[in-house]
Amino acid sequence: ILNYEASQERVPAEAERRLDEALAWMAQQKAGGKGLSLGKDQQAAIAVLVENAARLFPGSVKTKSLMAKKADLDRRIEEADASILEARLMRAEKYTGKDLPELKKMAQAVVAKEHAGATVLKVNITSAAWETESAVEWTDTTHTALRYRATDFVIAQVAVKAGADVFLYTVYLNKDKIDGREQPLTGHVMYRDRLLEKNIR
């Protein structure tokens, strides 16, 4: 269990390290007048780390800090390479299950809570099917009892408009089963990107 918890903690720690290095490098390029952008492989690796941290620690202070740093990095990358924003597309809808309306409603509610007042333009469930991840974890911070948790999840994208700006939210929707007891559908924002309205799909 201790090894499992330590491995969990390494995910946001590595995400923060990579983000800090990338932000420092981008600042150096701008100061030197070079206008170079971060490599696509590095961008993808950082995005995966932040996404995994958001899954492991939803709504936590550390996750919110990582999301803020990633948003800052994305803005700097877009400034260095205008083609990134031009090429960013909303992912196509892949899910066809009977609970599609319920999932879309929840994704919209999650984003509305995060970005009050924004107008929802489109919601896509971008996972083809439910996926499952499981863990044995402590029930509380006192570490006195363990429980088994299985999480079924799908990924959604929600395009919203706020004033003249359009944003694309990537949302994690999940249903937990804890010690055999099913929990209600819930979700949280994984990250947010700027989007051109013409690139909504």
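See the structure above.
Since the structure is predicted, the reported quantities are computational estimates derived from the model, not experimental observations.

Novice: Tell me about the environment of Glu14, and name the residues and values.
Specialist: Along the chain, Glu14 turns up in helix H1 (residues 2–31). For Glu14, a relative accessible area of 26% translates into the label partly exposed. A sequence separation of 36 residues divides Glu14 from Val50, and the C-alpha atoms of the two residues are 9.2 Å apart.

Novice: Summarise a nonpolar patch on the surface; cite the residues concerned and give the values.
Specialist: A contiguous nonpolar surface patch, about 260 Å² in accessible area, is contributed by Val136, Leu146 and Tyr148. Residue placement: Val136 occurs in strand E2 (residues 131–138). On the basis of relative accessible area, Val136 is assigned to the partly exposed category, the value being 37%.

Novice: Could you give an account of the nonpolar core, naming the residues involved and the relevant values?
Specialist: In globular proteins that are soluble, nonpolar side chains generally tend to be buried together. Counting residues in each nonpolar core, the largest one holds 20 residues, and the members touching the most others are Leu103, Ile125, Val158, Val160, Tyr169, Val171 and Leu173. Mapped onto this core, the elements with two or more residues apiece are helix H5 (100–114), strand E1 (119–125), strand E3 (146–162) and strand E4 (165–178). Broken down by element, this core gets its largest block of residues, five residues, from H5. Leave out the neighbours within four places in its chain, and Val171 touches Ala107, Val110, Val111, Val154, Ile155, Ala156, Val158, His188 and Met190. Grouped together as the second largest cluster of nonpolar side chains are 15 residues, Ala22, Leu38, Leu66 and Leu73 included.

Novice: Pulling in residues and values, what's your account of the packing of aromatic side chains?
Specialist: Here the structure, examined in full by the defined rule, presents one aromatic pair. With centroids separated by 5.2 Å and ring planes inclined at 25°, the aromatic side chains of Phe153 and Tyr172 adopt a geometry described as stacked. Within this pair, whereas Phe153 is found in strand E3, its partner Tyr172 is found in strand E4, the two being separated by 19 residues in sequence. One exposure class covers both Phe153 and Tyr172, and it is buried. The ring centre of Phe57 lies 4.5 Å from the NZ or CZ of Lys62, which sits over that ring. Geometry around Tyr191 places Lys70 over its ring, the cationic atom sitting 4.7 Å from the centre.

Novice: Hey, could you go over helix H2 (residues 40–56) for me, with residue numbers and the actual values?
Specialist: In an α-helix, one turn spans 3.6 residues; hence positions three or four apart end up facing the same way. With 17 residues, H2 extends 24 Å between its outermost C-alpha atoms, agreeing within 8% with the 24 Å of an ideal straight helix rising 1.5 Å per residue. Within the span of H2, buried status applies to Ile46, Ala47, Leu49, Val50, Glu51, Ala53 and Ala54.

Novice: Residues and numbers for the pairing of E3, please.
Specialist: As defined by bridge partners, E1 adjoins E3 across six bridges and the pair is classed as antiparallel. Residue pairing for E3: Val120 is matched across the bridge by Val160. Relative to E4, E3 runs antiparallel, the two being bridged by 14 bridges. If you follow Ala150 over to E4, its bridge partner there is Lys177. Counting the residues between successive antiparallel strands, the hairpin from E3 to E4 contains two residues, one of them, Gly163, with a positive phi of roughly 65°.

Novice: Give me the side chain of Asp176: which residues, what numbers.
Specialist: Relative to the helices and strands, Asp176 is located in strand E4. At 3.3 Å, the side chain of Asp176 forms a polar contact with the side chain of Asn174. Ignoring sequence-local partners within four residues, the contact set of Asp176 consists of Arg149, Ala150, Thr151, Arg181, Glu182 and Gln183.

Thresholds applied
- Residues numbered from 1 in each chain as written.
- Predicted model: local features only at pLDDT ≥ 70, side-chain atom pairs only at ≥ 80, totals over all residues.
- Heavy atoms only, no water.
- Helix = DSSP H or I, 4+ residues; strand = E, 2+ residues; numbered from the N terminus.
- Buried < 20%, exposed > 50% of the residue type's maximum accessible area, 1.4 Å probe, protein only.
- Patch = residues over 30% accessible without salt bridge, like charges linked within 9 Å, V, L, I, M, F, W, Y side chains within 5 Å.
- Areas by Shrake-Rupley, 256 points an atom, 1.4 Å probe, with all protein chains shown as cover.
- Salt bridge = Lys/Arg side-chain N within 4 Å of Asp/Glu carboxyl O.
- Core = buried A, V, L, I, M, F, W, Y, C linked by side-chain atoms within 4.5 Å.
- Contact = heavy atoms within 4.5 Å.
- Phe/Tyr/Trp six-rings, centres within 6.5 Å; stacked < 30°, edge-to-face > 60°.
- Lys NZ or Arg CZ within 6 Å of the ring centre and 35° of its normal.
- Expected span 1.5 Å × (residues − 1).
- Pairing = 2+ DSSP bridges.
- Polar contact = N/O pair within 3.5 Å; in protein donor to acceptor, adjacent residues only side chain to side chain.

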